[in-house]
Amino acid sequence: MANEENKQVETDFPLYLYHHGKNDRIYEIYGAHPKLVDGQAGYEFRVWAPHAESVSVVGDFNQWDPSQNVMQRMVDGESYELFIAGLKQYDVYKYCIFAQDGRQLMKADPVAFHAETAPQTASKLYDTEGYEWQDSEFMKKREERNVFSSPMNIYEVNLLSWKRYPDGNFLSYRDLAVELVSYVKEMGYTHVEFMPVTEFPYEGSWGYQVTGYFAVTSRLGTPHDFMYLVDAFHKAGIGVIIDWVPAHFPKDEHGLYEFDGQPLYESSQWDRMEHKSWGTRRFDYGRNEVLSFLISGACYFFDKFHVDGLRVDAVASMLYLDYDKRDGEWVPNIYGENKNLEAIAFLRKLNEAVFRRFPNVLMIAEESTAWGLVTKPGSVGGLGFNYKWNMGWMNDVLSYVSLNPFFRSNNHNNLTFSMMYAFSENFVLPISHDEVVHGKCSLINKMPGTYEEKFAGVRAFIGYMMAHPGKKLNFMGYEFGQFKEWDYHEGLEFFLRDTYEKHGKLSVMVRDLNEYYKSTASLYEVEDSWDGFEWLAADDRDRNIVSFIRRDKKGKEVIALVSFSGAEAKDYLLGVNEKGKYKIVFNTDDIKYGGDGKIKKKVLSAVARPSHGKKYSIPIDMPALTCIYLVREEEPIKADSAKNAGKRTVKPNVGHK
């Protein structure tokens, strides 16, 4: 009797919160957990299946016989539980759900912590406790940092295809903890972002059709192995972001699809049930239990796996009732609009719950429309994310650089328009996996021209991107100029970097630029206002050139000058605020990066020749397809005036608050 009373105390309040959409820890009560009952070790199972006639736990341990381990209804009348003695870690199981129409449905556990490796579909018993983390120093620094004024340069990776063994087998999580961690560290990135690691059945979905929201894919190892990988990144000082998919799920029969014989996790409304073109089901954001499920799934990865951020996939598909639909295929909301009010409320609750428990993590929206206030708090009408992918910038600049330079002048606004809204949200500039597949060409192969011009173009583009306001994300393979589009069946072509000079030198440039970015606050510290940015030349369309200043909080400046022209600009006058000497601190045309080395001088002098609305300018023969950064050299204080240094009046930089 005492045990029954304790169990009720243990579950009643969490169940109450679950059914009210306010339980962000359902992984503590649902799923399968190791337990000791009356001196017998085993596992306790709990599952939500409100429409079921009955539910059994089946597996190898009972020859998959649903008559042997029938679960009992819990106090809520909608959930089921059962303790089975003698079970051990890695035993496989499913729930056999007897539907109201008489069907027997064999379902994987929605809150399973481990799963069989595809194409097998059963859940596996696994105790996620017991891993000894070694990342306390990293986690302490994470809590102390300001995510907005810190550098963020993300290397996006598909773990199944970054590198493979010669026989085609995947590198395991522990293999990646050696090879990928050392590579990302060597290349100077601040963060890594994994394409979805939650369990999925079909590799062609790249992980975006999820069947196990609480299980990392078993293709690469166990949950503890994944913890080891995150731990290794943290010990190397690198943050870990994962793709997370709360917009839809596949219709595989073992998954969430009509879980208890009827729509449960998906909406039952005809116009909200399906993502037609994706062939998937949409979550029901108006159902409290679904809210608890999804929000707990997000918190689970911060809690148990110490990840540093979630990139939330396909937010636009959640926000709009008419997303990917024709007239007549959707029903307006109560206000006659196309906004999904339940999804909006869910996203706000999601971000509030995450930041309440994990205040300094990243919640990044992949939102591809002009929806406002994505990165503003829900209290002011926002969605509550702290970052958003800048898809507009991505589309504009890739369209621009794909053009022959002869035609770029008529599309110059594609380079500059992003600054019209650059401070409206907290942006990440993404050149992601989606841009290097399905005939879109790899980044370097988007560049027009000869072999040499393609490399020069991609070097100039990367230099421009790193100086543009916004955090950075690039997909694996760009850093050494892989010409082939990404193929999820294969590893990257690292032999290019090791065998061919241009590829190897591009890799060196990316590494050096990453390190310069991390060490230069002017390039990342102020990205929410014009205090950190000033145009020098925004309208030099005839020569395909832009130039601008980036500033840090102390007013220290870096000037970026970028030519996207196919021809050299002789005696170009770069307007500057002050007279003096300017040092070139980065140059994509440097011979060591595969360039021609046409700029011989490392230090240039500003002269009294007006340009770009400034009194002074720096004359320079600007090479084609080149990006350079310049920093004004401080003039030393003369010895005879040193004693009066404290009385000097320092003139502030023009245009900076």
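Since we're looking at a predicted model, the values are computed, not measured.

Student: Give a description of the overall build of the protein chain that names residues and reports values.
Tutor: When its secondary structure is counted, the protein chain shows 14 helices and 29 strands. Taken over the C-alpha trace, the protein chain has a radius of gyration of 28 Å; the compact-globule value for 657 residues is 26 Å, and the two agree within 12%. Dimensions of the protein chain along its principal axes, counting C-alpha atoms only, are 90 × 60 × 55 Å. Burial analysis of the protein chain (657 residues in total) assigns 59% to the buried set.

Student: Lay out the environment of K349 with the relevant residues and their values.
Tutor: With respect to the helices and strands, K349 occurs in helix α7 (residues 341-357). Between the C-alpha atom of K349 and that of P377, which follows or precedes it by 28 residues, the distance is 11 Å. Setting aside anything within four residues of it in sequence, one finds K349 in contact with L291 and I295.

Student: Can you lay out the sheet that holds strand β21 (residues 471-475) for me, pointing to particular residues and giving the numbers?
Tutor: As a general point, the strands of a sheet are linked pairwise by backbone hydrogen bonds and lie either parallel or antiparallel. Here we have 8 strands rolled up into a closed barrel, ordered β9-β10-β13-β17-β18-β19-β20-β21, and parallel in their pairing. The sheet shows a mean angle of 25 degrees between the axes of neighbouring strands, taken without regard to direction. Bridge analysis of strand β18 (residues 362-365) against strand β19 (residues 387-389) gives 2 bridges, and the strand direction is parallel. Within β19, the position partnered with A365 by the bridge is K388. Each of β13 (239-244), β17 (309-312) and β18 touches helix α5 (residues 288-305); the most contacted strand, β13, lies at about 160 degrees to it.

Student: Which residues make up the side chain of K454, and what are the values?
Tutor: Note that K454 resides in helix α12 (residues 451-467). Of the buried charged residues, K454 lacks a salt bridge, with E453 as the closest side chain of opposite charge at 8.4 Å. Not counting residues within four places of it along the chain, the set of residues in contact with K454 comprises I444, N445, M447, P448, G449 and F483.

Student: How would you summarise the side chain of N514 if you had to cite specific residues and measurements?
Tutor: Tracing the chain through its elements places N514 in helix α14 (residues 501-519). Setting aside residues no more than four positions away along its own chain, N514 makes contact with N153, M187, G188, Y189 and M466.

Criteria and cut-off values
Residues numbered from 1 in each chain as written. Predicted model: local features only at pLDDT ≥ 70, side-chain atom pairs only at ≥ 80, totals over all residues. Heavy atoms only, no water. Helix = DSSP H or I, 4+ residues; strand = E, 2+ residues; numbered from the N terminus. Rg over C-alpha atoms; globule rule 2.2 N^0.38 Å. Buried < 20%, exposed > 50% of the residue type's maximum accessible area, 1.4 Å probe, protein only. Contact = heavy atoms within 4.5 Å. Pairing = 2+ DSSP bridges. Axes fitted to C-alpha atoms, helices over the stretch in contact; angles between N-to-C directions. Lys, Arg positive; Asp, Glu negative; His and termini not counted. Salt bridge = Lys/Arg side-chain N within 4 Å of Asp/Glu carboxyl O.

Geometric values such as these leave the question of function open.
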